[in-house]
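# Chains, contacts and geometry: an overview
Take a look at the letters that make up each chain.
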Amino acid sequence: MRIFSKYTWRFPSNKKEIFLTFDDGPTPEITEFVLDELKKYNAKATFFCIGKNIKNHPDIFDKIVSEGHSIGNHTQNHLKGWKTNSKNYIENVLECENIILSEVKKSQQFKLFRPPYGKIKKNQAKKLLEKKYKIIMWDVLSADFDTTISKEKCLQNVLKNTTKGSIIVFHDSIKAAEKMQYALPIVLKEFSEKGFIFKAI
């Protein structure tokens, strides 16, 4: 089995639909900014949450869930898979899973995983796939976390590369906030005006 081919990079679609994703939250004020912007366009998104952030900000996490967005697992402590022993890595993912399950109804499916930094060892991915996780990557990276690019470049990364079925990565983190808060409202407005809808995974 080729592990790489088991990852989801985009969704083949003939419909005008886009899949927005946000990594690293929930983060006070920043995640709430995202939720407010999404609400303006009746847009749904997927939030790949860090377990310790859910634990620290359960009220914001509950708001994500109650407003109809999807939840994904982004490890408990934003671990670097390639620098972490695989047993410890899987335990860290499961620790995050337990926190998610303690906050949401078990009937709500959330078996989505995105590796921090987009990197993961093959044997780590294999174990997660065996545990029925879908590993969600992306085909459009906003690079809102990149301190070397401008907010305008961040916006263009999304506008120029997004097509039907694209999975877009933003971050609801302090580091990415300035660029994300500039780009997201424009992305929502421009694609909505073109007849696209924003769906949760």
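Our structure's up above, just so we're on the same page.
These remarks concern the structure in this document. Note on numbering: residues in each chain are counted from 1, in written sequence order. In keeping with the predicted nature of the model, local features appear solely for residues at pLDDT of at least 70, side-chain atom pairs appear and are counted solely at 80 or more, and the whole-chain, interface and lining totals rest on all residues. Where side-chain values are given, they derive from all heavy atoms of the structure, hydrogens and water being excluded.

### Some words on the nonpolar core
Put simply, the rule is: What we call a nonpolar core is a set of buried Ala, Val, Leu, Ile, Met, Phe, Trp, Tyr and Cys residues that are connected through their side-chain atoms within 4.5 Å. Summary of the burial criterion: residues with accessible area below 20% of their type's maximum are buried, those above 50% are exposed, and those between are partly exposed, where the area comes from a 1.4 Å probe applied to protein chains only. Only DSSP runs of H or I with at least four residues qualify as helices, and only runs of E with at least two residues qualify as strands; both kinds are numbered from the N terminus onward. Note on contacts: a residue pair is in contact if any heavy atoms of the two residues lie within 4.5 Å.
Counting 58 residues, the largest nonpolar core has L20, F22, L38, F47 and F170 as the members making the most contacts within it. No other element matches the seven residues that helix α7 (residues 177-193) contributes to this core. Other than its neighbours up to four places away in sequence, L20 contacts L38, A45, T46, I168, F170, L184, L188, F198 and K199.

### Concerning the pattern of salt bridges
Test applied: Salt bridges, as used here, are contacts in which a Lys or Arg side-chain nitrogen is within 4 Å of a carboxyl oxygen on Asp or Glu.
Scanning the model with the defined rule gives nine salt bridges in all. A salt bridge links E91 to K87, with the nearest nitrogen and oxygen atoms 2.8 Å apart. Here the residue E91 and the residue K87 both occupy positions in helix α4 (residues 86-103), the gap between them amounting to four residues, near one helical turn. On the basis of relative accessible area, E91 is assigned to the partly exposed category, the value being 41%.

### Topic: the packing of helix α1 (residues 30-40) against α7
Note the threshold: Comment: axis = line fitted to C-alpha atoms, over the contacting stretch for helices; angle = value between 0 and 180 degrees taken between N-to-C directions. Angle categories are assigned with fixed cut-offs, so that under 35 degrees is roughly parallel, over 145 is roughly antiparallel, 65 to 115 is roughly perpendicular, and the rest are oblique. In this classification, Asp, Glu, Lys and Arg are treated as charged, Ala, Val, Leu, Ile, Met, Phe, Trp, Tyr, Cys and Pro as nonpolar, and every other residue, Gly included, as polar.
Put simply, α1 and α7 touch, their axes get as near as 10 Å, and they point 5° apart. For the element pair α1 / α7, the angle class is roughly parallel. In this structure, α1 uses I30, F33, V34, E37 and L38 to contact α7, whose residues at the interface are A177, M180, Q181, L184, P185 and L188. Residue composition of the contact of α1 with α7, grouped by class: nine nonpolar, one polar and one charged.

### Notes on the pairing of strand β1 (residues 17-23)
Inclusion rule: Pairing between strands requires that DSSP locate at least two bridges from one strand to the other.
Burial analysis of β1 places seven of its seven residues in the buried class, the great majority of the element. Note: β1 against strand β8 (residues 197-198), two bridges, orientation parallel. In the strand pairing of β8, I18 is matched with F198. Where β1 meets strand β7 (residues 167-171), five bridges bridge the pair, whose relative direction is parallel. When the bridges of β7 are listed, T21 appears paired with V169.

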